[in-house]
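Single-letter residue listing:
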Amino acid sequence: MPATVRDIAAALEAWAPPASKLDYDNVGLQVGHPNRAVSNVLVALDLTPEVIDEAVEIGAGMIVTHHPLFFRPQRRIVGDDLIGGMALRMAEQGIAYYAIHTNLDLAHGGVSFALAEKFGLKDIRFLEPAEGTLIKLVVFVPETHAEAVRNALAAAGAGRIGDYEACSFETKGTGRFKPGAEARPHIGEAAGGLESVQEVRLEVAVMRWDLNRVLNSVRTAHPYEEIAYDVYPIEQPASRVGSGAIGSLSDAMPLREFLGMVSQRLDAECLRYSGNPDQTIKAVAVCGGSGSSLIGRAIASGADALITADVTYHRFFEGLDPEGSHGMAIIDPGHYETEAHTEQLLVEYLAPRFEAVSFQRTRERTSEMRTFVIT
Ligand SMILES: [Zn+2]
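Predicted model only: the values in this text are computed from it and were never measured.

J.: Before we move on, could you go through the overall build of the chain and cite the residues and values that matter?
T.: For the chain, the helix and strand inventory stands at 11 helices and 15 strands. In the chain, which comprises 375 residues, the share counted as buried stands at 38%.

J.: Give me the pairing of strand β10 (residues 242-254): which residues, what numbers.
T.: In this sheet, β10 lies alongside strand β5 (residues 122-129) in antiparallel orientation, the contact comprising 5 bridges. Across the sheet, the residue bridging to Glu128 is Ser243, located in β10. Bridge count for β10 against strand β12 (residues 280-290) is 6 bridges, and the pairing is antiparallel. Bridge pairing links Pro254 to Thr280 in β12.

J.: How would you explain the sheet that holds β12 if you had to name every residue and give the values?
T.: Backbone hydrogen bonds hold the strands of a sheet together, and the pairing may be parallel or antiparallel. What the 6 strands build is an open sheet, ordered β5-β10-β12-β13-β14-β11; its pairing is mixed. Each of the sheet's edge strands pairs with one partner strand only, and the pair in question is β5 and β11 (272-274). Mean inter-strand twist for the sheet, computed between neighbouring axes without regard to direction, equals 25 degrees. The sheet strands contacting helix α5 (residues 111-118) are β5, β10 and β12, and the helix crosses β12 at an angle near 140 degrees.

J.: Help me get a handle on the nonpolar core, residues and values and all.
T.: Of all hydrophobic cores here, the largest spans 95 residues; its most connected members are Val41, Met62, Ile63, Ala245, Ala285, Ala305 and Leu306. Beyond its immediate sequence surroundings of up to four residues, Ile63 is in contact with Leu42, Ala44, Leu47, Val51, Ala55, Ile95 and Tyr97.

J.: Describe the domain arrangement of the chain, listing the residues and the values that go with them.
T.: When the parts of a complex come together, some accessible area is lost, and that lost area is often used as the size of the interface. Domain annotation of the chain identifies domain 1 (5-105 + 340-361), domain 2 (111-129 + 242-335) and domain 3 (134-233). A separation of 46 Å is found between the C-alpha centroids of domain 2 and domain 3.

J.: Lay out the sheet that holds strand β1 (residues 28-31) with the relevant residues and their values.
T.: Pairing is mixed in the open sheet, where 5 strands are placed in the order β1-β4-β3-β2-β15. The sheet is open, and its two edges are formed by β1 and β15 (358-361), each paired on a single side. Along the sheet, successive strands turn relative to each other by an average axial angle of 25 degrees, direction set aside. Pairing between strand β2 (residues 40-44) and strand β3 (residues 62-65): 4 bridges, direction parallel. When the sheet's bridge partners are listed, Ala44 is paired in β3 with Thr65.

J.: With reference to specific residues and values, describe unusual backbone geometry.
T.: Even without being a glycine, Asp123 presents a positive backbone phi close to 50 degrees. For Asp123, the position within the fold is in strand β5. What makes Asp123 exposed here is the crowd of 9 C-beta atoms within 10 Å.

J.: Explain helix α6 (residues 146-155) residue by residue, including any values.
T.: The complete set of buried residues in α6 reads Ala146, Val149, Arg150, Ala152 and Leu153. Across the axial projection of α6, the buried residues extend over an arc of 160 degrees, all falling on one side. Against the buried residues of α6 lie β6 (134-142), β7 (169-177), β8 (195-207) and α7 (211-221). The positive-phi residue at the C-terminal boundary of α6 is Gly157, with phi of around 95 degrees.

J.: Give me the environment of Val5: which residues, what numbers.
T.: With respect to the element layout, Val5 can be found in helix α1 (residues 5-15). You can call Val5 buried: it has 23 C-beta atoms within 10 Å. Each C-alpha atom of the pair Val5 and Gln198 lies 46 Å from the other, and the pair is 193 residues apart in sequence. In contact with Val5, other than residues within four places in its own chain, are Leu29, Gly32, His33, Pro34, Arg36, Val38, Met62 and Ala96.

J.: Which residues make up helix α8 (residues 255-265), and what values go with them?
T.: Residues Leu255, Phe258, Leu259 and Val262 constitute the buried set of α8. Projected onto a plane normal to the axis of α8, the buried residues spread over an arc of 105 degrees and lie on a single side. When the buried face of α8 is taken as reference, the exposed residues oriented beyond 90 degrees from it are Glu257, Gly260 and Gln264. Following α8 by one or two positions, Asp267 adopts a phi angle in the positive range, close to 55 degrees.

J.: Would you mind going over the environment of Val31 in detail, with residue names and values included?
T.: Along the polypeptide, Val31 turns up in strand β1. For the pair Val31 and Glu147, spaced 116 residues apart in the sequence, the C-alpha separation amounts to 42 Å. Residues in contact with Val31, not counting those within four places in the same chain, are Ala87, Met90, Ala91, Ala96 and Tyr97.

J.: So what about the pairing of β3? Which residues, and what values?
T.: A two-sided burial pattern is seen for β3, the buried positions comprising Met62 and Val64 on one face and Ile63 and Thr65 on the other. Chirality of the crossover, the property in question, places the unit of β2, helix α2 (residues 49-58) and β3 among those that are right-handed. Bridging between β3 and strand β4 (residues 96-99) involves 4 bridges; their strand directions are parallel. Note on β4: the bridge partner recorded for Thr65 is Ala99. Regarding the hand of the β-α-β motif, the stretch spanning β3, helix α3 (residues 82-93) and β4 is right-handed.

J.: Which residues make up the packing of α6 against α7, and what are the values?
T.: For the pair α6 and α7, interaxial distance at closest approach is 8 Å and the crossing angle is 150 degrees. Judged on the interaxial angle alone, α7 and α6 are roughly antiparallel. Handedness of the α6/α7 crossing: right-handed. Only Val214, Ser217, Val218, Thr220 and Ala221 of α7 make contact with α6, whose side of the interface consists of Ala148, Val149, Asn151, Ala152, Leu153 and Ala155.

How each quantity is defined
Residues numbered from 1 in each chain as written. Predicted model: local features only at pLDDT ≥ 70, side-chain atom pairs only at ≥ 80, totals over all residues. Helix = DSSP H or I, 4+ residues; strand = E, 2+ residues; numbered from the N terminus. Buried ≥ 20, exposed ≤ 12 C-beta atoms within 10 Å, placed from the backbone. Pairing = 2+ DSSP bridges. Axes fitted to C-alpha atoms, helices over the stretch in contact; angles between N-to-C directions. Contact = placed C-beta atoms within 7 Å. Core = buried A, V, L, I, M, F, W, Y, C linked by C-beta atoms within 7 Å. Domains from an automatic or database assignment. Arc of directions from axis to C-beta. Right-handed = clockwise from strand over helix to strand, strands pointing away. Parallel < 35°, antiparallel > 145°, perpendicular 65-115°, else oblique. Left-handed = near helix turned anticlockwise from the far one by under 90°.

Below, the structure written as structure tokens:
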């Protein structure tokens, strides 16, 4: 069976659910037919006319990028502006277009985790785990159907904690109910007397955006006409969604040496930074793309350095400690440089999942930012 655009989107969304994106963002399929079969997919950080040329040349039926083509609302799709022109060209060529942006930034193993891996960091974890994304679902089910409902919960992705799946907890008790005149009860009769049943209280953690899917799955396995369930907010942050990443170098090194490593690993010809070249770097925080908002969090987490992009002049002062000496170094290698590895990350994720589909990184360096260095 050839893969369709929808299949490839579904694989990406199992990792980085679109509902986990930041509010301002726009992700998912933006151009194309979901049911169209594809055998060749081109992956790029940004969509540019050259990337579309390359897709046409290699016969790609789908382009996946990190930065979305449609970011702000578009009122017209016409050929005389850059965005409309690219959308029209892809539509004319029968190329589907998909964006995976802040949902991949926030995903476990996403953009920032992969950036941390480029520096060989150990014990990589989220710099700022996301709050308000987890809920607790409690389902009451007769003992006879507890296993089926437990399996349905796990199959729908409920009960994921860190690297563990199908996590649940259950307690036994007695459920009581009195069927009404119109009821079609699994136990007892309509307009009958009070029934009591040995039931199980099943508890699982669910990502907020998975709740409807999980409840639909429960309905397929639960025998009752009216299912008793509760949904509670959970205060603690989720373990699988968050911003930035932090970890440790195996060997501490002075900042001047670390800058050389960052420059070389990210293929960045120049870096902007604050810090004392002699200060020791061991704990490193990273955030691919614009991550200045994480400076305070990185300092509070004990990072010796933060690598991120789009750092403005005044924010470089925020690495200073109260005495004005350098507490945390801030290193800005560039937006493209801190995210270009996303292309390889996506190819490596998708390729093993679709043996009949070829995935490749663009040959283009899609950044429009250049640096001028006098030699
Ligand atoms: Zn970006």
